[in-house]
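Below, each chain spelled out in residue letters.
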Amino acid sequence: MTKEKYIEDLSEIRSIMDRSSRFISLSGLSGVIAGFLALTGAYMAYRTVYIGQDYFSYRRATLTGESATQLLLIASSVLLLSLAGGILLTRSKAKRDGLSLWDQQSKRLVINLAIPLVAGGVLCLILLGKGFVALIAPLTLLFYGLALINASKYTLSEIRGLGIAEITLGLVACQFIGYGLLFWSIGFGVLHIVYGILMHYRYGS
C-alpha cells in the first residue's frame, strides 16, 4: 500500500471515531433562529422593565408582580421556540447525514448541558423572587457558558469557544449591572447569530 493510501485510511478511521464519540449534527441555522428570537425577547423585556428610562444612562429595573410574570412568559416563549427550531433543524440535518438524532452521544450532550443550565435556572428564579433582578442577566450568561463548555467534549469544538465568550460577557455584565440586558442581547442574540452563520458555512448545516 502506498503512503497516500495509509493516510486516506487513517483519515477515514479518524472520521469514524469522531462520529462515534461526538454529536456532530447540530444545525447552524438553529443558532441563527435562536439569536433572532433572543433579540426579540430582549426588546420585549426591555419594554417591560425599563419603561420611560434613558437607555444610555444607568437604569434600574422596574419590577412588579405583573412585569415579573411577563418576563417569565417572554423567557419561556423564547426558550421553547428556540428549542423547537433547534430540534427540527438538527433532526433534518441528522437525517440528511444518515445519522441518528437520539443516540448515546446526544444523550451525553443533553445531560452535560442540562446540569449547569438547571442549576443556574433555579438560582435565577430564587434571586428573581427575592428582587435581585439586576443579577439575572449576568448569571444566565455565566451558567449558559459553563453549560456549553461542559457539553463541548461531546459535540463540535466550536461550542467551547462560544461558551468562553458567554462566560466573559457574563463577568463583564456583573461589572456593569445596569446594562445586563444589553450584554444578554449580545450573548444570546448576536453571538448565536454569528456562531450559527459560521457553522452553516463551515459544516453546511
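Rules and cut-offs
- Note that residues are indexed from 1 along each chain, following the sequence as it is written.
- Only residues with pLDDT of at least 70 are given local features in this predicted model, and only at 80 or more are side-chain atom pairs given and counted; all residues enter the totals for whole chains, interfaces and linings.
- In computing side-chain values, all of the structure's heavy atoms are included and hydrogens and water are not.
- Strands here mean DSSP runs of E at least two residues long; helices mean DSSP runs of H or I at least four residues long; both are numbered from the N terminus.
- Burial classes: relative accessible area under 20% of the type maximum marks a residue as buried, over 50% as exposed, and values in between as partly exposed (1.4 Å probe, protein chains only).
- The contact rule is simple, with two residues in contact once any of their heavy atoms fall within 4.5 Å.
- Each accessible area value is a Shrake-Rupley result obtained with a 1.4 Å probe; residue values ignore everything except the protein chains displayed when judging cover.
- Each residue after the first adds 1.5 Å to the expected span of a helix.
- The angle between axes fitted to the seven-residue stretch ending at a residue and the seven-residue stretch beginning at it gives the bend at that residue.
- The criterion is simple. A nonpolar core is a set of buried Ala, Val, Leu, Ile, Met, Phe, Trp, Tyr and Cys residues joined through side-chain atoms within 4.5 Å.

A. Fine view of the overall build of the chain. Looking only at helices and strands, the chain features 7 helices and 0 strands. Reading the helices (α) and strands (β) of the chain from amino to carboxyl end gives α-α-α-α-α-α-α. Within the chain, the fraction of its 205 residues that count as buried is 39%. Long-range contacts, defined here as pairs at least 24 residues apart, represent 74% of the contacts in the chain between residues at least 6 apart. A total of about 12000 Å² of accessible surface is found on the chain, and carbon and sulfur atoms cover 69% of it.

B. Main features of the environment of H200. Mapped onto the fold, H200 is located in helix α7 (residues 180-203). Residues H200 and S30, 170 residues apart in the sequence, show an inter-C-alpha distance of 9.5 Å.

C. Looking closely at α7. With 24 residues, α7 extends 33 Å between its outermost C-alpha atoms, agreeing within 8% with the 34 Å of an ideal straight helix rising 1.5 Å per residue. Taken as a whole, α7 carries its principal kink of about 30° at I186.

D. Summary view of the side chain of S185. In this fold, S185 is placed in helix α7. Residue S185 is classed as buried on the basis of its relative accessible area, which comes to 13%. Among all residues touching S185, those that are not within four sequence positions of it are L39, A42 and V190.

E. The nonpolar core, seen in detail. In terms of nonpolar packing, the biggest core is built from 21 residues, with L141, L148, L181, F183, W184, F188 and Y195 touching the most fellow members. Contributions of two or more residues to this core are made by α2 (28-49), α5 (136-151), α6 (158-175) and α7. Apart from the residues lying within four places of it in its own chain, the contact partners of F183 are L141, L169, V172, A173 and F176. Ranked by size, the runner-up nonpolar core spans 8 residues in total, among them L128, I136, L139 and I167.

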